[in-house]
Amino acid sequence: MQFTESELAGAYLIALERHADERGFFARTFCEREFAAHGLPVHFPQCNLSRNRKRGTLRGMHYAAAPSAESKIVRCVAGAIHDVIVDLRADSSTYLKSTSVELSAENGLALFVPAGMAHGFITLSDDTDVFYHMGDFFLADAARGFRWNDPQFDLEWPLTPTVMSARDADYPDFKPEPGGV
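Per chain, residue numbering runs from 1 following the sequence as it is written. Only residues with pLDDT of 70 or above have their local features reported here, since the model is predicted, and side-chain atom pairs are shown and tallied only from 80 upward, although totals for entire chains, interfaces and linings are computed over all residues. Side-chain metrics rest on all non-hydrogen atoms present in the structure, leaving aside hydrogens and water.

A. Local environment of the overall build of the chain. Helix numbering and strand numbering both begin at the N terminus, where a helix is a DSSP run of H or I of at least 4 residues and a strand a DSSP run of E of at least 2. Within the chain, the regular secondary structure consists of two helices and 13 strands. Taken against the 2.2 N^0.38 rule, which gives 16 Å for 181 residues, the C-alpha radius of gyration of the chain at 16 Å falls within 12% of a compact globule. C-alpha extents for the chain along the principal axes are approximately 55 × 35 × 25 Å. Whether a residue is buried, partly exposed or exposed follows from its accessible area with a 1.4 Å probe, protein chains only, as a fraction of its type maximum: under 20%, in between, or over 50%, in that order. By residue count, 46% of the 181 residues in the chain fall in the buried class. Pairs of residues are marked as contacts when any of their non-hydrogen atoms sit within 4.5 Å. Across the chain, every contact between residues at least 6 apart in sequence was considered, and the portion connecting residues at least 24 apart equals 79%. Here the chain displays about 9500 Å² of accessible surface, and carbon together with sulfur accounts for 50% of that area. We compute the radius of gyration from the C-alpha atoms alone; for a globule the expected value is 2.2 Å times N to the 0.38, where N is the number of residues. Only the protein chains shown count as cover for residues, and the accessible areas themselves come from Shrake-Rupley with a 1.4 Å probe.

Pasting the structure below:
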């Protein structure tokens, strides 16, 4: 795997090293030693799959408040997404900054998102599946979110959402919590 640090401190884009032949290709998607060598967590006690039937489906912006340590590895295994992260760690050099990347089954890229960052995506094609390795168990009491178009962040989305949960649509603008995320 090839690790490239993103514009946000501690977030990494992870590219596959494909070993191709007439059958297709083989690639490692996770290696404890390689993640540890980059100072990244190696314990992921939960994995999730998000199936999205329609292009324009938006999920986000989600984050977990303390005491959760919800880092994640996000990979699109079918279709394509525009993936967005926002740094909510008050002690970070990139606090309140954002970045985005296209993840697709075709490009094989993954994004490591450190704990303390918000995450969201919009699907760029029908029938898109997103697979997550989660760095902590889901804690419902720690689940938080803010509006996908919060003017404080001026996030750029390549298209207007057409499908979104009521919860995501009703999130307020971001307000820092006492003690940070």
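B. The arrangement of the sheet that holds strand S2 (residues 12-15) in detail. Read across the sheet, six strands follow the order S1-S2-S10-S7-S12-S5 without closing on themselves; strand pairing throughout is antiparallel. Only two strands of the sheet have a single partner each, and these edge strands are strand S1 (2-5) and strand S5 (46-52). With direction set aside, neighbouring strand axes in the sheet form an average angle of 25 degrees. Here, strands pair whenever DSSP counts at least two bridges between them. Pairing geometry for S2 and strand S10 (residues 110-113), over three bridges, is antiparallel. Residue Leu13 lies in a different strand from S10, and its bridge partner there is Leu111. Comment: axis = line fitted to C-alpha atoms, over the contacting stretch for helices; angle = value between 0 and 180 degrees taken between N-to-C directions.

C. Spotlight on the pattern of salt bridges. Salt bridge, as used here: a side-chain nitrogen of Lys or Arg that lies within 4 Å of a carboxyl oxygen of Asp or Glu. Per the counting criterion, the structure on display carries seven salt bridges. Measuring nitrogen to oxygen at the nearest pair gives 2.9 Å for the salt bridge that ties Arg89 to Asp87. Grouping residues by exposure puts Arg89 and Asp87 together as buried. Its salt-bridge partner being Arg147, residue Asp173 comes within 2.6 Å of it at the nearest N-O pair. One end of the pair, Asp173, is in the segment after helix H2 (166-170); the other, Arg147, is in the loop between strand S13 (143-145) and H2, and 26 residues separate them in sequence. Owing to a relative accessible area of 33%, Asp173 belongs among the partly exposed residues under this scheme. Taking relative accessible area as the criterion, Arg147 reaches 24% and is therefore assigned partly exposed.

D. Representation of the layout of surface pockets within the structure. Space inside the largest pocket adds up to approximately 480 Å³. Looking at the largest pocket, it is lined by 26 residues, and the ones nearest its centre are His62, Lys72, Tyr132, Phe138 and Arg167. At the level of secondary structure, the elements contributing two or more residues to the lining of the largest pocket comprise S5, strand S6 (58-64), strand S11 (117-123), strand S12 (128-134), S13 and H2. It is S6 that contributes the most residues to the lining of the largest pocket, five residues altogether. Among the residues forming the lining of the largest pocket, the class breakdown is 12 nonpolar, eight polar and six charged. Detection works on a 1 Å grid of protein atoms alone, calling trapped sets that fit a 1.4 Å probe cavities and calling open sets with protein on both sides within 12 Å along at least five of seven lines pockets, with lining residues defined by an atom within 4 Å of a point. Grid points are joined across faces, edges and corners, and a volume is the space filled by probe spheres set on the points. Basically, the charged four are Asp, Glu, Lys and Arg, the nonpolar ten are Ala, Val, Leu, Ile, Met, Phe, Trp, Tyr, Cys and Pro, and anything else, Gly included, counts as polar.

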